[in-house]
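Each chain is listed here by its residues.
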Amino acid sequence: MQKLRAKGQRESLFNNEVISRFQLYNSLFLTLPFYKIKDTGTLLPLFIKYCEDGVNKREKPAEIIDAFFKKYTQNNSTKDIIDLLFRFIQYIERQVVLFDAVEDASFNKLNADEEHSALLSYLKKGVDNASLNNKIEKLIEEFSMRLVLTAHPTQFYPGSVLSIITDLTAAIKKNDISSIDLLLQQLGKTPFFNKKSPTPVDEALSLAWYLENVFYFAAANIQSEVDKSLNDYNLESKKIIELGFWPGGDRDGNPNVHIDSTIQVARMLRQILFRCYYRDFKNLKRRITFRGVEDDLALIHDVLYKNAFDPNTGSENIAEFLIEHLNKIKTTLNDGHDGLFTDVVSDLIRKVELYGSHFASLDIRQDSRILRDVHTYCRNNKPLVSIFPENYDELSEAEKIDTMVFKSAKINFTQEPDPLTLDTLQTIAEIKQIQQSNGELACHRFIISNCQEASDILQLIELFLWNGWTEDELTVDFVPLFETVHDLEGAAEIMETLYSHPFYKKHLESRGGKQHIMLGFSDSTKDGGYLMANWSIFNAKVSLTATANKHNIQLAFFDGRGGPPSRGGGKTHRFYASMGKEIANKNIQLTIQGQTISSQYGSIDSAEFNIEQMINAGISAGMKETHNILLDPLHKDLLDNMARDSYEAFVSLRKHPLFLSYLEKFSPLTLLSKITISSRPVKRNSGEALKLEDLRAISFVTAWSQLKQNIPGFYGIGTALKNQKEKGNWDNIVKTYQESGYFKTIIDNCMMSMSKSDFAITAHFANDKEYGDFWKMLHDEFELSKNMLLSLSGHETLMENYPVEKRSIAVREKIVLPLVLIQHYALEQLQNDPEGAEKQAFEKLAIRTVYGIVNAGRNLA
């Protein structure tokens, strides 16, 4: 009853703080005199009403739009229609930003009672319980959390817009109408998008905005709370937060990332960090004006200034130098000045301890197939050509491993390498230089995508030994990435081979006995559907943990999670809270990308909240160490059967002859490559015809989200549940749902995906001669899934137990409904084969709607 009352209070607060304020500021926004947007603010509400009524009547987008223009406008030429629709899009894009800002301004009020420090709670309980106190001390020693920012192309806002959002949020918090009015005018005149695609360095600079303006403060604030809690209970401080970074290092399928990109990004991260340090240090100097610290202040000032602003300054890791001299200042303050302002010095020390000289660890990633080719290239040159047999590639896996010698060698290259090979060799050499300049943590992980054999890891190690590295100084962690359902099944066997290999075993010992393993949610969903992907990753984690425990290896799972549930997003912290003791969970690592960055980590408040949620989940799970009931025969058999049934349903859909053509015809899939938001191609093998296996998971999920059908987020789960019910297993399924936090999170996230679907928008597809039956098949599975999930959860509506999130989704979906219809209208017109400027205009119209739809969804792609 208390939880229900709290939910009701939170929903009421949301209506007052968010909905009412958005309506107020939106009315102000619609009257602003933007350039070339005369009368648009008056017509837009009418257009929205026309869209809503038209969808309810199951009308086609063209019918809705044509009827609106006939009634409300005098000029109905194609050019006039396109022009006004573009103006509508511009307004709606900014309405989305306004709603984001209003919601962010209310964040603390809405989440005030949501989370409490699990660490502090256990520390209090351990005061009179030595056993519990020892357990929490041991957990803290082992626990860490790493957030890795990735450059996936669903973060659309440039830095100028992000700054406006930040200022607008602050003005809304204070109800500063004058500032809000000015900022909305600025927003109306500020371009949202680039005219050309960004380079990898541009992407890095865009994401670095969050490092500089959000994470620099948020992570340090959380670490400060952790330090205080530990110190209050006489425990040593422990760094638990780490940051990672992919732009400039992630080469997998992106031919635009070169060695120059990696070098520039590493330097950029360092320079931005030192500018942050310098900004803090200036504030410190304004407070510390006492005698006895002048020399240390001058020394630190000179070093920070040169590293922040002088590009000619030689780079070296000076973190320890800074900490040493800041501690000298702190000692002087304590001894001679009553400890005045030592808290300011401690804050900067804490940040240097967190971020060193690197800010965030730059991960390198490349596909195993590329790395195999590089290994082949090296073997064909002296002196290696005499060591390896000519038929090496035809050998069995065991024979290949037996052939490897793991000796450092200087290769005499006699033939010109191809660009990918050259880049790989240069990158391997450059990692050492980055470590020397910015510290070992600046670049210490090499991720092998599409890892299918133990030799994929071992061959990469040989490449390092052949390109300037020695066995004793191999300060690199080799991280296999398992993505497909098939690869996840064989992952434990691959790691068993590696852990048993003498050289690799010795290397792991030199790395502190810790193995990083990355698991990909996006590709596994595209490969086998939502339920099979989640269940395959769960089983892989269980088997991989058992294998690591057998060899006394500390395991860190690195989850490649996207924004939506279909790509591992959603209520992520609930997954980590419900892992159970059978899954290694003391080193939480995950990617944050696209709209997840701006929606969950876009402000210091929201970033602190979400970081703390993840830490709480890890601490709670680590302390409880409960058995995961999904491993009990009853529950495991149910999930095995459900995953298999959903997999078969999803694969059957994928193999349908109309599957890909449906996406190509009715979604903007074929136009995504023209969106100027990413350096990464929409698909691998970008010069060839579109094939499903080459299509990137992010493009795959985005296309379905634009259709408002979100197939990857639910398809097959209704069939799986229905089959179990028909077999008489329904009571057991309900029992599993009620008792397993992990399974409940899978179901809740699925319902979130479905809440962002609206088949009414495409209901007219049912009458299409070619695709009508295919649409009905999708719709039938949606309705089946919806009914089965509601029955399972005991709810009357989707997301009933998350009323605020449900309300937020509903408002956002209403805002962007015109964008969805404009997009479908433009795609319809393109099917009539317009030519020249008209074709370009309709393509641009369809492309432009993608931004606003994804931005409004916050975790759609």
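Everything numeric here is computed off the predicted structure, so don't read it as measured data. (Residues numbered from 1 in each chain as written. Predicted model: local features only at pLDDT ≥ 70, side-chain atom pairs only at ≥ 80, totals over all residues. Heavy atoms only, no water.)

## Considerations on the overall build of the protein
Move 1: A tally of helices and strands in the protein yields 35 helices and nine strands.
Move 2: For the protein, the C-alpha radius of gyration of 28 Å lies close to 29 Å, the compact-globule estimate for 861 residues.
Move 3: C-alpha extents for the protein along the principal axes are approximately 75 × 70 × 60 Å.
Move 4: A burial count over the protein gives 61% of its 861 residues as buried.
Move 5: For the protein, contacts bridging at least 24 residues in sequence account for 82% of all contacts bridging at least 6.
Move 6: For the protein, the computed accessible surface area is about 34,700 Å², with 48% contributed by carbon and sulfur atoms. (Helix = DSSP H or I, 4+ residues; strand = E, 2+ residues; numbered from the N terminus. Rg over C-alpha atoms; globule rule 2.2 N^0.38 Å. Buried < 20%, exposed > 50% of the residue type's maximum accessible area, 1.4 Å probe, protein only. Contact = heavy atoms within 4.5 Å. Areas by Shrake-Rupley, 256 points an atom, 1.4 Å probe, with all protein chains shown as cover.)

## Overview of the pattern of salt bridges
Move 1: For the coordinates displayed, the defined rule picks out 40 salt bridges.
Move 2: Taking the shortest distance from any N to any O, the salt bridge between aspartate 605 and lysine 173 comes out at 2.9 Å. Taken together, the positions of aspartate 605 in helix 26 (residues 604–624) and lysine 173 in helix 8 (residues 159–173) put the pair 432 residues apart, joining distant regions of the chain.
Move 3: On the basis of relative accessible area, lysine 173 is assigned to the partly exposed category, the value being 43%.
Move 4: Across the salt bridge formed by aspartate 232 and lysine 228, the nearest N and O atoms sit 3.0 Å from each other. Placement of both aspartate 232 and lysine 228 in helix 10 (residues 200–232) is noted, with a separation of four residues, approximately one turn of the helix. (Salt bridge = Lys/Arg side-chain N within 4 Å of Asp/Glu carboxyl O.)

## Points about the sheet that holds strand 2 (residues 241–245)
Move 1: Overall, parallel pairing links the nine strands, which are arranged 3-2-1-9-8-7-6-5-4 in an open sheet. Whereas interior strands pair on both sides, the edge strands pair on one side only; in this sheet they are strand 3 (361–362) and strand 4 (364–367).
Move 2: Bridge count between strand 4 and strand 5 (residues 445–449): four bridges; the pairing is parallel. Each bridged residue has a counterpart across the sheet, and for arginine 365 the counterpart in strand 5 is isoleucine 447.
Move 3: Against the sheet, helix 10 touches strand 1 (144–150), strand 2 and strand 9 (587–593), its axis set at about 175 degrees to strand 2. (Pairing = 2+ DSSP bridges. Axes fitted to C-alpha atoms, helices over the stretch in contact; angles between N-to-C directions.)

## Structural notes on the packing of aromatic side chains
The description of two aromatic rings rests on the distance between their centres and on the angle between their planes.
Move 1: Enumeration according to the criterion identifies 46 aromatic pairs in this entry.
Move 2: When the ring of tyrosine 50 is compared with that of tyrosine 72, the centres are 5.8 Å apart and the planes differ by 85 degrees; the resulting orientation is edge-to-face. Pair noted here: tyrosine 50 is in helix 2 (residues 40–56) and tyrosine 72 is in helix 3 (residues 61–72), with a separation of 22 residues, a long-range link.
Move 3: Grouping aromatic residues by their ring pairs yields a cluster made of Phe659, Tyr662, Phe666, Phe700, Trp704, Phe765, Tyr771 and Phe774.
Move 4: Above the plane of the ring of tyrosine 122 lies lysine 125, whose end atom (NZ or CZ) is 5.2 Å from the centre. (Phe/Tyr/Trp six-rings, centres within 6.5 Å; stacked < 30°, edge-to-face > 60°. Lys NZ or Arg CZ within 6 Å of the ring centre and 35° of its normal.)

## Some details on the packing of helix 3 against helix 4 (residues 78–105)
Move 1: Where helix 3 contacts helix 4, the axes come no closer than 12 Å and their chain directions differ by 100 degrees. By the criterion of interaxial angle, the relationship of helix 3 to helix 4 is roughly perpendicular. In this structure, helix 3 uses Ile65, Phe68 and Phe69 to contact helix 4, whose residues at the interface are Asp80, Ile81, Leu84, Leu85 and Phe88.
Move 2: Of the residues belonging to the contact of helix 3 with helix 4, the class tally is seven nonpolar, no polar and one charged. (Parallel < 35°, antiparallel > 145°, perpendicular 65-115°, else oblique. Nonpolar A, V, L, I, M, F, W, Y, C, P; charged D, E, K, R; others polar.)

## Let's talk about helix 31 (residues 730–739)
Move 1: For helix 31, the complete set of buried residues consists of Trp730, Ile733, Val734, Thr736 and Tyr737. Angular distribution of buried residues about the axis of helix 31 spans 160 degrees; they occupy a single face of the element. Relative to its buried face, helix 31 has exposed residues pointing more than 90 degrees away, namely Asp731 and Gln738.
Move 2: Next to the buried residues of helix 31 lie helix 27 (633–654), helix 30 (717–726), helix 32 (741–755) and helix 33 (772–793). (Arc of directions from axis to C-beta.)

## Observations regarding unusual backbone geometry
Move 1: Residue proline 383 is bonded to the preceding lysine 382 through a cis peptide linkage, with omega at 0 degrees.
Move 2: Structurally, proline 383 is set in the loop between helix 15 (368–379) and helix 16 (397–403).
Move 3: With phi around 55 degrees, asparagine 175 is a residue other than glycine that occupies positive phi space.
Move 4: As for its position among the elements, asparagine 175 is in the loop between helix 8 and helix 9 (177–189).
Move 5: The class of asparagine 175 is partly exposed, set by a relative accessible area of 44%.
Move 6: With phi around 60 degrees, asparagine 234 is a residue other than glycine that occupies positive phi space.
Move 7: Its place among the elements puts asparagine 234 in the loop between helix 10 and strand 2.

## What about the state of the cysteines?
Move 1: Enumeration over the complete set of coordinates arrives at zero disulfides.
Move 2: Free of any disulfide, cysteine 378 has its nearest cysteine sulfur in cysteine 451, 18 Å distant.
Move 3: Judged by relative accessible area, which is 0%, cysteine 378 ranks as buried. (Disulfide = S-S within 2.5 Å.)

## What about the side chain of aspartate 559?
Move 1: The residue aspartate 559 is located in strand 8 (residues 554–560) in this model.
Move 2: A residue is classified by how much of its surface remains accessible, and aspartate 559, at 0% relative accessible area, is buried.

## So, the pairing of strand 1
Looking along a regular strand, one sees the side chains alternate between the two faces of the sheet.
Move 1: Extensive coverage of strand 1 is indicated by the burial of seven of its seven residues.
Move 2: Direction of pairing for strand 1 relative to strand 2: parallel, over a ladder of five bridges. Of the residues in strand 2, the one forming a bridge with valine 148 is glycine 244.

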